[in-house]
Amino acid sequence: MNIRFLVNGLVFLWTLLSFAQEKLYVSYAIPDSLVANANAVIRLNDISINLRSSHEMQVVQKRIITVLNKNGNEAADTYVYYDNNIKIRELEAVVYDAFGAQIKKIKKNDFKDISAVSGGTLYSDSRVKYLDYTPIAYPYTIEFTTEIINKNTAFIWPFRPIDDYYVSTQKSTYSIERPPYLQIRTKEKNFESFNLEKVEDSTKTTFKVENLKAIEPEMYGPSFFDVSPTVLVAATQFSLEGVESVVENWNDFGTWMYQDLIKNTHDLPQSTILKVQELVKDETTDLGKAKKVYQYVQDKTRYISVQVGIGGWKPFNTSEVDRLGYGDCKGLSNYTMALLKAVGVKSNYVVLYAGESQRSFEKDFAAMMGNHVILNVPLENQDIWLECTNQKVPFGFIGDFTDDRDVLVVSPEGGKIIHTKKYEAEESIQYIQGSYNVSSEGRIDAKVKVKSNGIQYNSKYPLESETERDLDTYYKNRWGYINRMSIKDMHLENNKDDIQFVEEVSFQAPNYSKIIGNRMLLNVNAFNRNEHIPDRCRDRKHVLKVKRGFKDLDEVEIKIPTNYLVETLPKNNNIENKFGVYKTELTLKDEHTLIYRREFTIRDGEFPKEDYKAFRDFYKTVSRKDNAKIALIKT
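Residues numbered from 1 in each chain as written. Predicted model: local features only at pLDDT ≥ 70, side-chain atom pairs only at ≥ 80, totals over all residues. Heavy atoms only, no water.

**Q** Describe the overall build of the chain, and please don't skip the residues or the numbers.
**A** Helix and strand counts for the chain come out as 12 helices and 38 strands. Over its C-alpha atoms, taken along the principal directions, the chain stretches across nearly 110 × 70 × 40 Å. Looking at the 635 residues of the chain, the share that counts as buried comes to 51%. Long-range pairs, those at least 24 residues apart, make up 72% of the contacts in the chain with a sequence separation of at least 6. The distance from the centre of the 85 positive side-chain charges to the centre of the 88 negative ones in the chain is 3 Å. (Helix = DSSP H or I, 4+ residues; strand = E, 2+ residues; numbered from the N terminus. Buried < 20%, exposed > 50% of the residue type's maximum accessible area, 1.4 Å probe, protein only. Contact = heavy atoms within 4.5 Å. Lys, Arg positive; Asp, Glu negative; His and termini not counted. Charge placed at Lys NZ, Arg CZ, Asp CG, Glu CD.)

Below, the structure is given as structure tokens:
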């Protein structure tokens with residue numbers, strides 16, 4: 001009798017488990033709270049990592065995701081990377097319709113197989129298998145299963161239960177198992193609003209989380225990596241392409257990187273050493289020598305991606321870069337470092353996350369991070385940062401690609417986290433000096449000189465390489481509020497010594513001002529109207545973050561028609577708050593000449609989410625007042 005009850009109980013339990021599993025394929029079983037604001041819902045993501053030794057790990061993943069609409073197709077993530085060190089043991093995908101009925105099963109050999117890098121890469125052993133599936137209806141569900149064996153253990157997948165914006169998660173689990181002699185380190189981020197379950201013993205650590213609502217991007221909000229829940233995982237003992245290491249902190253990491261990846265690549269030919277020494281012989285300072293060497297590198301080399309060697313982390317030997325005249329970010333930075341060493345200037349190899357988001361390294365968690373390499377030149381009174389992959393950028397200018405973030409600086413003494421240059425609003429200035437004449441028919445003839453510095457230089461210097469036709473289009477878009485504009489003349493100057501970009505443009509436009517009877521309405525601000533108004537956000541979730549500040553200073557002379565006089569002028573403005581400054585002043589120089597002065601400053605910083613409406617209102621006010629008009633009356 002007891003045996004019969006036991007068997008019946010097991011059958012009942014198996015039935016419940018099967019039913020629960022089947023529900024994961026049924027789109028209509030998703031809770032409403034997870035569908036809200038989501039393009040896709042991760043029904044289950046189970047990652048199991050077996051760190052078999054310091055030089056091999058097995059990764060098994062089962063991922064069931066329901067795609068709700070076409071915007072959610074990319075969230076399916078039905079792909080797997082492999083190379084000479086990563087072998088795919090299992091790969092399968094099964095597609096279900098909205099009711100959980102199987103539509104299609106895709107085996108390993110049916111996946112597309114392509115190079116995992118772009119055409120700008122010279123060569124690489126990295127490839128990707130991916131599912132090329134075109135849905136016939138929405139919603140649909142994909143079950144994606146993979147198993148890989150990786151000989152490198154330097155990179156361990158993090159536990160990231162939310163992959164992207166507009167993706168919610170029903171259940172996500174993660175486990176990592178290892179022998180007792182292997183130690184792992186973990187760091188939990190952004191789980192304050194979630195119930196993260198963690199179970200840990202001497203050989204296995206498991207994480208689980210359920211019912212995570214989709215994250216929506218917010219204008220002027222933190223980056224995705226700063227808000228998404230994540231557990232970082234790293235092994236203290238690891239292997240990269242057969243090179244073993246023991247790392248517990250950033251100093252250890254920098255020591256390993258310098259000793260095993262960089263040190264033995266410095267083999268410049270003696271002829272090149274003599275050449276650069278001759279090049280700097282008249283320079284008396286390290287700064288002067290560094291400038292000459294940097295220009296030498298820009299003139300001699302070009303960037304091309306190389307994704308082989310130790311996981312794409314070991315730079316090519318400097319002799320190879322010298323011979324070939326090209327390299328990737330690692331190779332060119334390392335080459336520049338060797339050249340500087342040859343002329344007696346110390347510099348350091350720098351690993352970081354590049355991109356506009358300003359993603360920083362974790363100060364208290366040493367692990368394989370980053371996607372780019374630059375160079376640091378530590379002088380007595382300042383740190384110089386050199387972007388070695390760009391032939392156009394001035395010495396010491398890094399712009400929004402690598403500015404204002406924590407990075408790993410590698411030296412023979414080890415590694416340390418340092419912050420790159422931050423471009424303050426007071427140095428990121430755009431100066432406008434202009435003039436325009438208005439005819440009695442309302443036509444405008446204008447000349448303007450624009451000088452851009454700091455972070456505002458960053459968006460301007462690429463114009464130097466544009467064709468005249470493209471520049472014509474660019475300026476018509478830039479001043480898109482002026483109808484039927486025709487560009488008469490353009491002159492651009494890239495002052496790399498002062499890191500200033502200068503634009504001189506003249507243009508003409510009919511009907512700039514509006515004539516009503518014997519009156520003319522004239523927009524004061526012809527050259528620099530703010531048209532940006534941040535999106536409305538009624539239920540903001542995150543802080544207001546202004547990543548980069550700037551300052552605009554304008555002075556414009558306005559000539560009105562001789563048969564018109566000023567009837568009324570708009571009021572001057574003087575607004576200052578925590579977000580910035582807006583000032584305007586309009587004065588009469590004589591009865592037919594006016595001087596318009598404008599200052600607009602936005603301060604960077606992080607503000608409470610409750611400030612967002614006031615910040616948006618500030619931009620709205622500036623936009624409205626930038627459209628102020630002068631009333632002229634015909635004499």
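**Q** Describe in detail the pattern of salt bridges, supporting the description with residues and values.
**A** Should their charged atoms come close, side chains of opposite charge can pair. One pass over the full model with this rule turns up 42 salt bridges. For the salt bridge of Lys541 with Asp539, the shortest nitrogen-to-oxygen distance reads 2.9 Å. As far as the burial class goes, Lys541 and Asp539 line up, both exposed. Taken together, the shared-partner salt bridges connect Glu356, Asp403, Arg405, Lys547 and Arg548 into one network. (Salt bridge = Lys/Arg side-chain N within 4 Å of Asp/Glu carboxyl O.)

**Q** Can you break down the side chain of Thr66 residue by residue, with the values?
**A** Assignment of secondary structure puts Thr66 in strand E2 (residues 56-67). Judged by relative accessible area, Thr66 falls into the buried class, the value being 0%. Beyond its immediate sequence surroundings of up to four residues, Thr66 is in contact with Leu24, Ser27, Ile30, Ala40, Val41, Arg43, Pro139, Tyr140 and Thr141.

**Q** Please provide a residue-by-residue account of the sheet that holds strand E23 (residues 406-411), values included.
**A** With respect to topology, five strands assemble into an open sheet ordered E22-E21-E20-E23-E24, the strand pairing being antiparallel. Each end of this open sheet is capped by a strand with a single partner; those strands are strand E22 (383-386) and strand E24 (414-419). Between one strand axis and the next, the sheet turns by 35 degrees as a mean value, whatever way the strands run. One ladder, built from six bridges, connects E23 with E24; its direction is antiparallel. For Asp406, the partnering residue across the bridge sits in E24 and is His419. (Pairing = 2+ DSSP bridges. Axes fitted to C-alpha atoms, helices over the stretch in contact; angles between N-to-C directions.)

**Q** How would you explain the sheet that holds strand E4 (residues 86-96) if you had to name every residue and give the values?
**A** With respect to topology, eight strands assemble into an open sheet ordered E5-E4-E9-E2-E1-E10-E13-E12, the strand pairing being mixed. The open sheet has two edge strands, strand E5 (102-106) and strand E12 (197-200), and neither has a second partner. Across this sheet, the average inter-strand angle for adjacent strands is 10 degrees, counted without regard to direction. Looking at chain direction, E4 and E5 are connected through four bridges and run antiparallel. By the bridge assignment for E5, Val95 is matched with Lys104.

**Q** Would you mind going over a negative patch on the surface in detail, with residue names and values included?
**A** A cluster of acidic side chains, namely Glu468, Asp489, Glu493 and Glu504, defines a negative patch on the protein surface. By the secondary structure assignment, Asp489 is in strand E27 (residues 486-495). Of the residues examined, Asp489 reaches a relative accessible area of 47% and is grouped as partly exposed. (Patch = residues over 30% accessible without salt bridge, like charges linked within 9 Å, V, L, I, M, F, W, Y side chains within 5 Å. Areas by Shrake-Rupley, 256 points an atom, 1.4 Å probe, with all protein chains shown as cover.)

**Q** Can you explain the side chain of Asp611? Please cite residues and give values.
**A** Its place among the elements puts Asp611 in the loop between strand E37 (605-607) and helix H12 (612-625). Every residue in contact with Asp611, bar those within four places of it in the chain, is listed here: Leu544, Lys578 and Phe579.

**Q** Give me the lowdown on the layout of surface pockets, citing residues and values where you can.
**A** The computed volume of the second largest pocket comes to approximately 980 Å³. Around the second largest pocket sit 41 residues that line it, and Tyr220, Gln456, His532, Phe550 and Tyr619 are the ones nearest its centre. Mapped onto the lining of the second largest pocket, the elements with two or more residues apiece are strand E25 (429-438), helix H10 (454-458), helix H11 (468-478), strand E31 (544-546), strand E32 (550-559) and strand E36 (593-602). Of the residues in the lining of the second largest pocket, the class split is 17 nonpolar, 11 polar and 13 charged. (1 Å grid on protein atoms, 1.4 Å probe; cavity = no way out; pocket = protein on both sides within 12 Å on 5 of 7 lines; lining within 4 Å. Points joined across faces, edges and corners; volume = space filled by probe spheres on them. Nonpolar A, V, L, I, M, F, W, Y, C, P; charged D, E, K, R; others polar.)

**Q** Which residues make up empty space enclosed by the protein, and what values do they have?
**A** In total, this model carries three cavities of 30 Å³ or more according to the counting rule given. One number sums up the size of the largest cavity: a volume of about 100 Å³. In terms of lining, the largest cavity is formed by 13 residues, of which the most central are Pro570, Thr584, Tyr596, Lys625 and Ala628. A volume near 50 Å³ is recorded for the second largest cavity. Taken together, Thr153, Ala154, Arg185, Ala234, Ala235, Phe238, Val247, Phe253, Ala366, Ala367 and Met368 make up the lining of the second largest cavity.

**Q** Any details on a positive patch on the surface? Residues and values, ideally.
**A** There is a patch of like positive charges on the surface, built from Arg536, Arg538, Lys620 and Arg624. Here Lys620 lies in helix H12.

**Q** Could you give me a rundown of helix H6 (residues 286-300), with the residues and numbers involved?
**A** Here H6 spans 21 Å end to end across 15 residues, near enough to the 21 Å set by a 1.5 Å rise per residue. Listed as buried for H6 are Gly288, Lys289, Ala290, Val293, Tyr294, Tyr296, Val297 and Gln298. Elements in contact with the buried residues of H6: helix H5 (270-279), helix H7 (318-324), helix H8 (329-342) and E22. (Expected span 1.5 Å × (residues − 1).)

What is shown is where atoms sit, not what they do.
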